[in-house]
Amino acid sequence: MSVIYIMIPLAIVLATAALVGFIWSVKRGQLDDLDTPPARVLFDDED
Amino acid sequence: MRSHRNGGVPVTALAAPEPPAATPPVVNTRREVACAHCSLPVPSGQLAPDAEQQFCCAGCASVYRMIHGCGLDRYYQLREALNTDPLGPVDLAPDRSRYGVFDDPAFLEAHTRGLPDGLVHADLRLANVHCAACVWLIERLPRVCPGVVEARLSLRQTVARVTWDPQQTPLSRIASALHGLGYPPYPAGASDTRSVRLAGERKMLVRIGIAGACAGNAMLLALAMYLGLLDRMAEQYETFLRWVSLLIGAVALAGPGAVFFRGAWAGLRTRRVTLDLPIALALGVGGLAGLLNVAVGRGEVYFDSLCVLIFLLLVGRYLQMCQQRRMTDAVTLMQSLSPIRCEVRRGGRWIELPREALEPGDRVRVPSNERLPADGEVVRGETSLDTSSLTGESQPARVGVGDDVFAGTQNVGPAIEFTVTATGAQTRLSRLMEDAAAGVAAKPGIVAFADRIAGYFTLTVVALAAAVLSGWWWAVDLETGVQHAVALLIVACPCALGLATPLTLALGVGIAARRDIMVKDAAVFEKLAAVGRDRPGLIALDKTGTLTNGEPRVVGWVGDTGIQALVGRAERDARHPAGRALRLAYDPGDGEPFAGVVEDPRGGLTAPTPRGLLRAGNARYLANAGVGVTDIWLERAETFIRRDASVVWIALDQKIVAAAALRDAVRDESARVVRDLIDAGWRPTILSGDIDATVRRVANELGLPPIDAHANLTPEAKRELVEQYREQSGTVLMVGDGVNDAAALASADTGLAVHGGAEAAMTVADAYTARPGLTPVTELIRLGRFTVRVIRQNLFISLSYNALAVTLAGAGVLSPWIAAILMPVSSLTVLSLAAARLGRWKGAEACR
């Protein structure tokens with residue numbers, strides 16, 4: 001059972017990393033416009 | 001862009017620079033040849049027998065050539081693959097194709113921003129943006145216009161951010177390229193307000209992210225503890241889990257949860273109780289008790305429930321905010337009243353300058369059908385100005401040398417010149433808008449229903465907690481009393497209510513949007529629901545464009561009916577409102593327009609027809625052309641004149657043969673809607689800037705008493721009347737469209753701007769209907785009542801859950817895991833009920 005002393009902090013570190021990634025993407029403006037990017041991915045097969 | 005993605009908001013309709021009614025598409029029923037660009041049927045007159053592609057108009061043809069010439073034909077394949085709605089007519093009036101002023105330093109200063117690497121970017125609002133294929137086409141701008149580094153379009157706002165190298169290309173060339181692709185650009189305006197707004201949205205998302213991560217992790221730990229409880233977990237592990245969940249709970253409470261503490265505190269300071277207070281109470285007490293219990297190693301911790309609470313409440317608020325922002329966006333797509341460019345005399349010659357470069361003392365020329373860029377005094381020429389957006393008068397006002405003229409009015413006559421006396425923020429138009437904005441700021445917000453009950457709710461919960469505390473203290477001991485009271489305070493948190501209310505409102509806003517009503521502030525629903533048969537309210541209606549069509553229609557004809565078709569055909573391309581009315585009344589069909597038609601913007605037209613020279617116009621025009629109106633004809637048309645209609649005389653070969661009566665007629669449905677409103681407890685009142693006789697006639701037709709018809713009102717007087725009514729009769733709903741209504745719209749409890757309204761009216765109104773007429777008004781009232789009814793049902797259900805939980809807590813049998821199950825279940829019940837009820841709303845229910 002003592003494995004939880006490692007596993008839980010590790011899980012929290014992982015969750016924090018994901019959260020930091022989310023906050024980073026919000027601050028970069030990646031979630032500002034949710035209408036256009038879904039349309040944009042349709043066109044990426046050229047250029 | 002009426003796609004499935006944007007919730008049905010008809011953005012294209014709003015983005016079109018001119019109302020489609022002005023240029024009804026000519027539909028050919030005999031031979032359906034689709035235009036290669038816009039897919040509309042090509043009229044027979046435009047068919048080119050040998051050409052590979054057929055076009056409905058020159059605009060479509062030029063756009064097609066541009067797209068084809070740049071090798072961007074994929075646009076058409078994409079459009080077909082995406083299966084979007086037809087594009088509709090492309091508005092490419094030639095006088096909009098000059099973008100020279102976009103390079104003026106004053107314009108660049110106002111609308112562009114330099115980037116550190118020498119590049120410049122600007123936000124341009126584009127007309128005609130339609131669908132995903134438009135995104136593809138616009139973002140290929142670097143291929144069309146060398147020097148452009150990047151173009152990014154936001155479909156929702158139809159704003160493109162264009163980044164370019166000013167050394168390689170001027171902005172005017174970029175603007176012309178966009179115009180050539182079929183998207184006439186306009187400066188998008190205040191980027192500051194948009195970035196402030198964006199920052200707010202991002203902050204909210206970050207909060208939700210943190211709260212969600214905390215909630216998920218806290219729940220996992222709680223699950224371990226509940227399972228450990230049954231399984232006899234070793235004490236050191238449980239202590240460890242409790243400390244970790246304390247850590248997570250502290251992050252959630254101090255970070256995203258702080259919103260509720262701040263809200264409750266702000267409310268208390270202004271002596272108002274909001275729903276934030278009971279939420280903050282539960283969070284605060286739960287957090288403190290949890291901290292103590294972890295520290296002493298005894299008793300329950302509720303961090304999982306607290307985290308989920310914060311997360312769900314924030315999500316509810318975020319969704320409501322998104323829905324309202326969407327509506328605000330849809331409304332800001334409206335065209336500005338002020339023109340981008342104007343003709344100014346500088347250094348002895350006429351040059352084009354952007355509006356921003358105007359200074360008092362400048363001499364400006366305003367051609368026919370343009371809007372005035374500034375306030376001033378006429379120095380040359382004589383014309384008629386359409387001042388309806390500023391004053392509400394339906395008849396154009398005649399102005400001559402020495403008269404004052406105002407920005408935002410439209411020149412419907414020949415060109416005039418005037419000396420600028422006030423520009424920008426100093427114009428009457430801007431002052432009216434400022435006035436209106438001040439009214440919005442000063443408007444006392446209604447106490448939302450949920451907030452109104454929050455006070456009683458808090459008192460009851462605190463009283464119950466005190467009773468439980470003292471009861472258990474007396475029966476067992478203080479510690480047990482405290483534990484049970486804390487449990488009660490947490491489970492009594494109005495989570496279901498705090499979550500379901502904003503979501504129900506957001507659903508209501510969405511339903512309204514599907515009916516082309518943009519609700520910018522969901523409080524509108526509650527305000528409208530406050531009026532009923534026993535609680536009367538007042539609905540103030542602007543006359544022009546609301547009760548009436550807003551433009552003249554043919555209401556009578558005397559004389560030779562055989563020439564009606566001739567008149568319709570002669571007026572086929574007429575720009576004067578009277579000409580439009582005649583064309584609509586006497587459909588010219590597919591017939592070719594007559595060659596050599598001469599239109600005089602002062603109110604007349606001459607056309608050579610197979611039956612002779614046809615003249616149509618007012619008495620003055622005909623007199624100038626040498627045609628006198630004889631007494632016999634004056635007599636025949638007398639009833640028209642008496643009934644407040646203006647007369648268009650028709651002459652064939654210099655002899656009057658007929659007369660048509662034109663009037664801004666009352667809309668067909670207005671009378672019925674007015675009756676419905678009275679039935680629902682509203683008292684309709686007309687507030688108009690128009691002349692007495694016209695207003696009285698409209699009131700008479702609608703069956704309203706003269707006391708409820710106010711004429712000759714200035715914008716300021718309208719506002720004063722609305723304020724007066726608010727003091728006398730409670731709720732006031734103002735319905736209007738013009739700048740002259742803006743101040744009144746802002747001071748009314750609810751301001752509703754109607755179809756075709758001016759920008760100022762849209763900005764200050766709480767809601768906007770994109771459909772003409774008054775039917776949307778009654779629909780909105782009905783929807784408001786329905787939404788509020790659903791909210792009340794939610795309240796009842798969530799209070800039942802709370803009562804159950806409070807009883808369990810008071811009896812001391814509520815363990816944290818029961819609380820953890822009860823809370824989301826109650827929220828889910830309320831949410832699904834709200835969604836199901838509102839989803840079924842068809843608008844068929846009675847107004848009352």
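Analysis parameters
Residues numbered from 1 in each chain as written. Chains lettered and ligands numbered in written order. Predicted model: local features only at pLDDT ≥ 70, side-chain atom pairs only at ≥ 80, totals over all residues. Helix = DSSP H or I, 4+ residues; strand = E, 2+ residues; numbered from the N terminus. Buried ≥ 20, exposed ≤ 12 C-beta atoms within 10 Å, placed from the backbone. Contact = placed C-beta atoms within 7 Å. Nonpolar A, V, L, I, M, F, W, Y, C, P; charged D, E, K, R; others polar. Pairing = 2+ DSSP bridges. Arc of directions from axis to C-beta. pLDDT = per-residue confidence, 0-100. Core = buried A, V, L, I, M, F, W, Y, C linked by C-beta atoms within 7 Å. Axes fitted to C-alpha atoms, helices over the stretch in contact; angles between N-to-C directions. Parallel < 35°, antiparallel > 145°, perpendicular 65-115°, else oblique. Left-handed = near helix turned anticlockwise from the far one by under 90°.

Asker: Mind showing me how you'd approach the overall build of chain A here?
Answerer: If you tally the helices and strands in chain A, you get two helices and zero strands. Here chain A holds 47 residues, and 2% of them are scored as buried.

Asker: Would you mind going over the overall build of chain B with me for this structure?
Answerer: Check the secondary structure of chain B and you find 31 helices and 27 strands. In chain B, which comprises 848 residues, the proportion classed as buried is 49%. Sequence-distant contacts, at least 24 apart, represent 69% of the contacts inside chain B between residues at least 6 apart.

Asker: Quick question: what am I supposed to make of the interface of chain B and chain A here?
Answerer: Much of the literature gives interface size as the accessible area that the parts lose upon coming together. Taken together, the contacts link 21 residues of chain B with 20 residues of chain A. At the level of secondary structure, the elements contributing two or more residues to the side of chain B that touches chain A comprise helix H5 (132-138), strand E3 (148-154), helix H8 (191-231) and helix H9 (235-254) of chain B. For the side of chain B that touches chain A, the element with the highest residue contribution is H8 of chain B, accounting for eight residues. A breakdown of the residues in the side of chain B that touches chain A according to their chemical character gives 14 nonpolar, four polar and three charged.

Asker: How should the sheet that holds strand E13 (residues 410-411) of chain B be read in this particular structure?
Answerer: Two modes of strand pairing occur in sheets, parallel and antiparallel, and in both the strands are linked by backbone hydrogen bonds. Residues and elements named next belong to chain B. In spatial order, the strands read E11-E10-E13; together these three strands make up an open sheet with antiparallel pairing. With partners counted over all chains shown, the strands left at the sheet margins are strand E11 (397-399) and E13, one partner each. In this sheet, E13 lies alongside strand E10 (residues 383-386) in antiparallel orientation, the contact comprising two bridges. Within E13, the position partnered with Leu385 by the bridge is Asn411.

Asker: Explain the environment of Cys145 of chain B here, please?
Answerer: All names here are of chain B. Looking at where Cys145 falls in the secondary structure, it is placed in the loop between helix H6 (141-144) and E3. Considering only alpha carbons, one finds Cys145 and Arg173, 28 residues apart in sequence, at a separation of 7.6 Å. The contact partners of Cys145, leaving out residues within four places of it in the chain, are Thr169, Arg173, Ile174 and Ala177.

Asker: What should I look at first to understand helix H25 (residues 670-679) of chain B in this one?
Answerer: The α-helix winds at 3.6 residues per turn, so residues separated by three or four positions along the chain end up facing the same way. Residue and element names in this part refer to chain B. Listing the buried residues of H25 in full gives Ser670, Val673, Val674, Asp676 and Leu677. End-on view of H25: buried residues confined to an arc of 160°, all on one side of the axis. Directly beyond the C-terminal end of H25, a positive phi value near 100° is found at Gly681.

Asker: Help me understand helix H3 (residues 74-82) of chain B in this model?
Answerer: Residues and elements named next belong to chain B. Here H3 has its buried residues at Tyr75, Leu78 and Arg79. The buried residues of H3 occupy an angular sector of 100° when the element is viewed end-on, so they sit on one face. Among the exposed residues of H3, those pointing more than 90 degrees away from its buried face are Gln77, Glu80 and Ala81. Here the buried face of H3 lies against helix H2 (58-69) and H5.

Asker: I keep staring at the confidence of the model for chain B and nothing clicks. Help me out?
Answerer: Residues and elements named next belong to chain B. Per-residue pLDDT for chain B has a mean of 79; in total, 86% of the residues score no lower than 70. In the model of chain B, helix H1 (residues 11-15) stands out as the element of lowest mean pLDDT, 36, in contrast to H9, which has the highest, 91. Low pLDDT (under 50) marks residues 93-97, which in the prediction has three contacts with non-local residues, meaning those over four places away or in another chain. Overall, residues 844-848 carries pLDDT values under 50, and its contacts beyond four positions in sequence, including any with other chains, amount to 12 contacts. Prediction confidence for the complex, expressed as pTM and ipTM, is 0.68 and 0.91 respectively.

Asker: Would you mind going over the sheet that holds strand E14 (residues 416-422) of chain B with me for this structure?
Answerer: Residues and elements named next belong to chain B. Here six strands make up an open sheet; going across it, the order is E7-E6-E8-E14-E9-E12 and the pairing antiparallel. The outermost strands of the open sheet, each flanked by one partner alone, are strand E7 (349-354) and strand E12 (404-405). Sheet topology places strand E6 (residues 341-346) next to strand E8 (residues 363-366); three bridges connect them, and they run antiparallel. Across the sheet, Glu343 pairs through a bridge with Arg365, a residue of E8.

Asker: It is not clear to me how the pairing of E7 of chain B should be interpreted in this structure. Could you clarify?
Answerer: Within a regular strand, the side chains alternate between the two sheet faces. Residue and element names in this part refer to chain B. Where E6 and E7 come together, six bridges link them in antiparallel fashion. Residue Cys342 lies in a different strand from E7, and its bridge partner there is Leu353. Connecting E6 to the next strand, E7, in antiparallel fashion are two residues, including Gly347 with a positive phi near 60°.

Asker: Where do I start with the nonpolar core in this structure?
Answerer: Generally speaking, soluble globular proteins have nonpolar side chains that are buried together. If you look at the biggest cluster of nonpolar residues, it comprises 215 residues, and the most contacted ones within it are Cys307, Val491 and Ala540 of chain B. In this view, Ala540 of chain B contacts Thr685, Leu687, Val722, Tyr725, Val732, Met734, Val735, Ala744 and Ala748 of chain B; residues no more than four positions away in its chain are not counted.

Asker: Please explain unusual backbone geometry as it appears in this structure.
Answerer: Leaving glycine aside, a negative phi is the common case for residues, and trans is the common case for peptide bonds. Residue and element names in this part refer to chain B. For Gln654, which is not a glycine, the phi torsion comes out positive at approximately 65°. Relative to the assigned elements, Gln654 resides in the loop between strand E21 (646-652) and strand E22 (655-663). By C-beta crowding, Gln654 is classed as partly exposed, having 13 other C-beta atoms within 10 Å. Its identity is not glycine, yet Asn712 carries a phi of approximately 55°, on the positive side.

Asker: Looking at this structure, how should I read the packing of helix H30 (residues 775-811) of chain B against helix H31 (residues 816-839) of chain B?
Answerer: All names here are of chain B. The geometry of H30 relative to H31 is characterised by a closest axis approach of 10 Å and an angle of 165° between their N-to-C directions. On the basis of their axis angle, the class for H30 and H31 is roughly antiparallel. As H30 packs across H31, the resulting crossing turns out to be right-handed. Residue-level inspection shows Val790, Gln793, Asn794, Ile797, Ser798, Tyr801, Ala805 and Leu808 of H30 in contact with H31, the latter providing Ile818, Ala819, Leu822, Ser826, Thr829, Val830, Leu833, Ala834, Arg837 and Leu838.

Asker: I would appreciate a short explanation of the packing of helix H16 (residues 478-491) of chain B against H30 of chain B in the present structure.
Answerer: Helices that pack against each other are described as a pair by the angle of their axes relative to one another and the distance between those axes. Residues and elements named next belong to chain B. Viewed as axis vectors pointing N to C, H16 and H30 meet at an angle of 170°, and their least axial separation amounts to 8 Å. Looking at the two axes, H16 sits roughly antiparallel to H30. Of the residues in H30, those in contact with His484, Ala487, Leu488 and Val491 of H16 are Ala805, Val806, Ala809 and Gly810. Of the residues that constitute the contact of H16 with H30, the class distribution is six nonpolar, two polar and no charged.

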